[in-house]
Structure formats: C-alpha cells, structure tokens
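Geometric and topological summary
Chain by chain, the residues run as shown.
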Amino acid sequence: MINLALIGTGAWGRNLLRNFAHLEGAHLKVCCDADGDQCKTTLNGYPGIRVETDPEVIFADPAIDAVAIATPAVTHFELARRAIESGKDVFVEKPMTLTYEHAVELVEAADAGERILMVGHLLEYHAAVDKMKELLDTGELGDPYYLYSERLNLGRIRSDENALWSLAPHDISIILYLLDEEPIDVAAHGAAYIRPDIEDVVFVCMRFPGNRFAQIHVSWLDPHKVRRTTLVGSKRMVVFDDMQGSEKVKIYDKGVEPSDGFVDYAESLSLRFGEVVVPVLKTTEPLRLECEHFVECVTNRTTPRSDGRDGMRVVRVLDAAQRSLKAGGLPVTLE
C-alpha cells in the first residue's frame, strides 16, 4: 500500500483528490493547502485524510511514500525538488517547471535519488491519443506529414503564466508523443491584450526532421471552446476532437495519389475521397488512468510514460517558444 500526500486542493487538485482517494493500492493520507479552511471544506466526504498547511510537514513525514503536486506552476520546481530530496516519489502537474534548467535539475535529482518522477501530461493517457499513436505505429496513416492543434476558450485567464505555458503543454506533449522525436527549431508569435506581458493568444510552429512540422494555436481569449488535433499522413488523415461526446476520433481515407497511365504533369496527381471511420474507444477517464499509472510505477519501480524526461522535453520546447515569442517570432534552434 502506497501512502500518498496531495499538495494543492484547488480547481485541478480536487480532480486528483477524487481519483487518488479511491485507488486500490494507494492510501491518500494527507492533503496540504495554504488555505487550510478551504482544504477542510474540499475534504468533506473524504474521511480520514489529514489536513496540513505547510508542505514541509509532509516532506518530514517518513510514512509518506509519494507526493502529488497540483499547485500554481511557479511553485512546481521548489516543491518537487524538496519532495525528491526528502526521499519521496513525485507526481507534478504540467508544466513540470517554468525553466528548462529547473527541469533538468529535477530529472538529475530524481535519478540521483532513484525516485519516480512523473509529469501530469494527461492527454498521453487519453484513449483517442492512444488510437492516433496506434494508427501511426502500424502504418495505417502512412508517413506523417504535419499536425496542427487548437486549444481555445474564453477564460480561465491567469496572472502567473501566459497562454503558452498554461495551455500548450497539453499539445506539445501529444505531438512529441506521436512523432517520438524533438523538433529542430521552434518559432512563436503571440499578443497580450488583457495584462501587459502575459500573452493571451499564441501561435507556435515546430519543424521536425524529415520535412515534418506542427503548429499549435492556444488562447483563453476566443469565442469558441476548441480542443482539437489534426494529423495528416500520406495515406490517411485523423482528427481528435475532445469536445465531441462519443465520436472523438475520425479517420479520413483521403489523400493525393499519382494517376494511372501516362498523363501530363498537370494531371499526374488525383485526389482520393474515401470513407470516414469512427473507431470505438475505451471510456475510462484519462485522469483515472494517469493516477493508476503513477501508483503502479511507484509500486513496481518502473518508468512512467510521462516521466521526468518527457516533462523536460516539453519544457524545452516551451522555453524555446517563449524565447522566440520575446524575439518577435525568430526561430529558436534546439541544439
């Protein structure tokens, strides 16, 4: 039985609480939040969980095996570092840190202390993303040409991180997971309308080896609520629309093919319009799968799918995009 502590019981922390509190093989012993009264209110219906306001109490408790961190991103590094130094395994929400140097430091600390470090890249545990990965790996889509992702809504406007750091980790983690490689360079454009120097809308373009590229559009200042990823391959195309209730993935048998017979250049290619297939997906909540995976990794001492290195790669792209953003969109090369 793994003894867990949760630090942060805000909007997303409550979702982690709901899942970790009911997992077999895990015992959520403590919840910690600076607002102790609010934490007690949140824990109504969860008997037997102790409330703390100081995370150092958790770090000093030898009975705690692992810590889940769901606090504001600006606090992730210090809390995760202290937890690792205290001999705890760590689950930390995205983004893992707000600088690449801090991400590297956490990974090195986890390696040195032989600790499990997992990052909350939720969509890597989504059945729709698993299906897209399967279609790529089996060759059903052919060679991947390009991807584009949209994550838009009106709100929740933040004051401690821009739309890039708040929203894009989801899409970057999906793209790196699907392509299984890092980009050559990253370019980003954005604008701040609500608060100075905190971009409300950002466009990110990533170039990959093999003439592949991906684009991300994130905004919390948009009239539409959109959560959609499109992948175009040489054989087929696939769309993951997370706003759809039951038909989240659609596979389009569309493409461009050489025409049969001898024709001139203008007629040498033909468009193919085939069927649209909607695969059946598992309905298990991705967050449940993610929390179960963390407990399994802690129990069996195995490497998580979204481990510290995965988090480090995502932060590396975010860091490059931020530098490009401040340089007016100039591409930043990833050495």
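Given the structure is predicted, the values throughout are model-derived calculations rather than measurements.

**Some points on the packing of helix α6 (residues 127–137) against helix α7 (residues 163–179)**
It is the contact of α6 with α7, at a shortest axis distance of 9 Å, that shows an interaxial angle of 30°. It follows that α6 is roughly parallel to α7 by the angle criterion. For the element pair α6 and α7, the recorded crossing hand is right-handed. Packed against α6, whose contacting residues are Val-129, Asp-130, Met-132, Lys-133 and Leu-136, the element α7 presents Ile-174, Tyr-177 and Leu-178 at the interface. Each residue belonging to the contact of α6 with α7 can be placed in one class, and the counts come to six nonpolar, no polar and two charged.

**Notes on unusual backbone geometry**
In the segment running from Lys-94 into Pro-95, the intervening peptide bond is cis, with an omega of -15°. Checked against the element boundaries, Pro-95 lands in the loop between β5 (89–93) and α5 (100–113). Its identity as a non-glycine residue notwithstanding, Asp-197 has a phi of 70°, on the positive side. By the element assignment, Asp-197 lies in the loop between β8 (185–191) and β9 (201–208).

**Section: the pattern of salt bridges**
All told, the structure shown has 27 salt bridges when counted by the stated rule. Where salt bridges share partners, they join Glu-56, Glu-78, Arg-81, Arg-82 and Glu-85 into one cluster.

**Regarding the pairing of strand β10 (residues 212–219)**
Of the pairings in the sheet, the one linking strand β7 (residues 144–154) to β10 comprises seven bridges and is parallel in character. Within the sheet, the bridge partner assigned to Arg-151 lies in β10 and is Val-218. Note: β9 against β10, eight bridges, orientation antiparallel. Pairing of Cys-205 across the sheet is with Gln-215, part of β10. What sits between β9 and β10 in their antiparallel hairpin is a turn of three residues, with Gly-210 showing a positive phi close to 75°.

**What about the packing of helix α1 (residues 13–20) against helix α8 (residues 286–300)?**
For the pair α1 and α8, the least separation of the axes is 10 Å and the interaxial angle reads 65°. Taken as a pair, α1 and α8 cross one another with a handedness that is right-handed. Only Leu-287, Arg-288, Cys-291, Phe-294 and Val-295 of α8 make contact with α1, whose side of the interface consists of Asn-15, Leu-16, Arg-18, Asn-19 and Phe-20. For the contact of α1 with α8, the class distribution of residues is six nonpolar, two polar and two charged.

**Side note on α7**
Helix length check: α7, at 17 residues, gives a terminal C-alpha distance of 23 Å against a target of 24 Å (1.5 Å per residue), a fit within 8%. Bending of α7 peaks at approximately 45° at the position of Pro-169. In terms of burial, α7 is largely enclosed, as 17 of its 17 residues are buried. Its side-chain oxygen at 3.2 Å from the backbone nitrogen of Leu-164, Asn-162 defines the N-terminal cap of α7. Once α7 finishes, Asp-180 follows within two positions and takes phi at roughly 60°, a positive value.

**With respect to the side chain of Asp-171**
Positionally, Asp-171 belongs in helix α7. A distance of 2.6 Å separates a polar atom in the side chain of Asp-171 from a polar atom in the side chain of Ser-149.

**Notes on the packing of aromatic side chains**
Considering all chains together, one arrives at five aromatic pairs under this definition. Ring centres of Tyr-146 and Phe-213 lie 5.6 Å apart, and the angle between their planes is 10°; on these two criteria the pair is classed as stacked. With Tyr-146 in strand β7 and Phe-213 in strand β10, this residue pair connects regions lying 67 residues apart in the sequence. Take Phe-213: its relative accessible area is 35%, and that puts it in the partly exposed class. Among the aromatic side chains, those forming a connected cluster through ring pairs are Phe-20, Phe-91 and Phe-294. When the ring centre of Tyr-177 is taken as origin, the NZ or CZ atom of Lys-133, which lies over that ring, is 5.3 Å away.

The rules behind each value
- Residues numbered from 1 in each chain as written.
- Predicted model: local features only at pLDDT ≥ 70, side-chain atom pairs only at ≥ 80, totals over all residues.
- Heavy atoms only, no water.
- Axes fitted to C-alpha atoms, helices over the stretch in contact; angles between N-to-C directions.
- Helix = DSSP H or I, 4+ residues; strand = E, 2+ residues; numbered from the N terminus.
- Parallel < 35°, antiparallel > 145°, perpendicular 65-115°, else oblique.
- Left-handed = near helix turned anticlockwise from the far one by under 90°.
- Contact = heavy atoms within 4.5 Å.
- Nonpolar A, V, L, I, M, F, W, Y, C, P; charged D, E, K, R; others polar.
- Salt bridge = Lys/Arg side-chain N within 4 Å of Asp/Glu carboxyl O.
- Pairing = 2+ DSSP bridges.
- Expected span 1.5 Å × (residues − 1).
- Bend = angle between axes of the 7 residues up to and from the residue.
- Buried < 20%, exposed > 50% of the residue type's maximum accessible area, 1.4 Å probe, protein only.
- Polar contact = N/O pair within 3.5 Å; in protein donor to acceptor, adjacent residues only side chain to side chain.
- Phe/Tyr/Trp six-rings, centres within 6.5 Å; stacked < 30°, edge-to-face > 60°.
- Lys NZ or Arg CZ within 6 Å of the ring centre and 35° of its normal.

It is worth stressing that arrangement in space is one thing and function is another; only the former is reported here.
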